[in-house]
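# Chain and residue survey
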Amino acid sequence: MAQERPAGALDPEDIQRLLLCSQEAKKSAYCPYSHFPVGAALLTWDGKIFSGCNIENACYPLGICAERTAIQKAISEGYKDFRAIAIASDLQDDFISPCGACRQVMRERPDARNSSKRLGPRSPSQPRLCLEVRSTVRSN
């Protein structure tokens, strides 16, 4: 008997697209100080993917993380409802997680003053998905 996927679950194809887009975005990272490239891919509810990479600056606070780059690109194009984000780095044995600033941006909608809605799930039964990609992805 086939098991049904929960409502709001991502298709394997969407997950694969997110993973590949986050890895591709990582290639554009500008990180001459940390030498720590990061890529992110953000999936909207209608299936569009926005990617971003980290961009460093000698003045540390002026740099931006990959996650916020992707989110701000999407928002600047009029998208405000996001389904999932994938994050890629070069770490082999550990996962990275979004920094506090990125978590705050993920949590807050751009129109939060006019609405109680937040980025992420449309209902409690549709959990947020944050995927992380290790640099050693094997294909079959």
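Coordinates for the structure precede this section.
## Some words on the pattern of salt bridges
As enumerated under the stated definition, the model contains three salt bridges in all. With its nearest N and O atoms 3.1 Å apart, the salt bridge here joins Lys27 to Glu24. With its nearest N and O atoms 2.6 Å apart, the salt bridge here joins Lys26 to Asp90. Residue Lys26 is found in helix H1 (residues 12–26), and its partner Asp90 is found in the loop between strand S3 (82–88) and helix H3 (100–107); the two are separated by 64 residues along the sequence. Judged by relative accessible area, which is 13%, Lys26 ranks as buried. We classify Asp90 as partly exposed; its relative accessible area is 36%.

## Comments concerning the environment of Phe50
Among the secondary structure elements, Phe50 is positioned in strand S2 (residues 49–53). Its relative accessible area of 6% is what places Phe50 among the buried residues. As a C-alpha pair, Phe50 and Cys21 span 29 residues in sequence and 8.5 Å in three-dimensional space.

## Focus: the packing of aromatic side chains
Applying the stated criterion to the full structure yields one aromatic pair. Sitting above the plane of the Phe50 ring, Lys48 keeps its charged end 5.1 Å from the centroid.

About the cut-offs
- In every chain, residue numbers begin from 1 and rise along the written sequence.
- Predicted model: local features are reported for residues with pLDDT of at least 70 only, side-chain atom pairs are reported and counted for 80 or more only, and whole-chain, interface and lining totals are derived from all residues.
- Only heavy atoms go into the side-chain values, all of them from the structure, while hydrogens and water stay out.
- Within this document, salt bridges are pairs made up of a side-chain nitrogen of Lys or Arg and a carboxyl oxygen of Asp or Glu, the two lying within 4 Å of each other.
- Only runs of H or I of at least four residues qualify as helices and only runs of E of at least two qualify as strands under DSSP, and these elements are numbered from the N terminus.
- Burial status follows relative accessibility: with a 1.4 Å probe on protein chains alone, a residue under 20% of its type maximum counts as buried, one over 50% as exposed, and anything between as partly exposed.
- Ring pairs are drawn from Phe, Tyr and Trp, using the six-membered ring of Trp, whenever the two centres fall within 6.5 Å, and their geometry is named by plane angle: stacked under 30 degrees, edge-to-face over 60, tilted for the rest.
- Two conditions define a charge located above a ring, namely a distance within 6 Å from the ring centre to NZ of Lys or CZ of Arg, and an angle within 35 degrees of the ring normal.

Any functional reading would require information that these geometric values do not contain.
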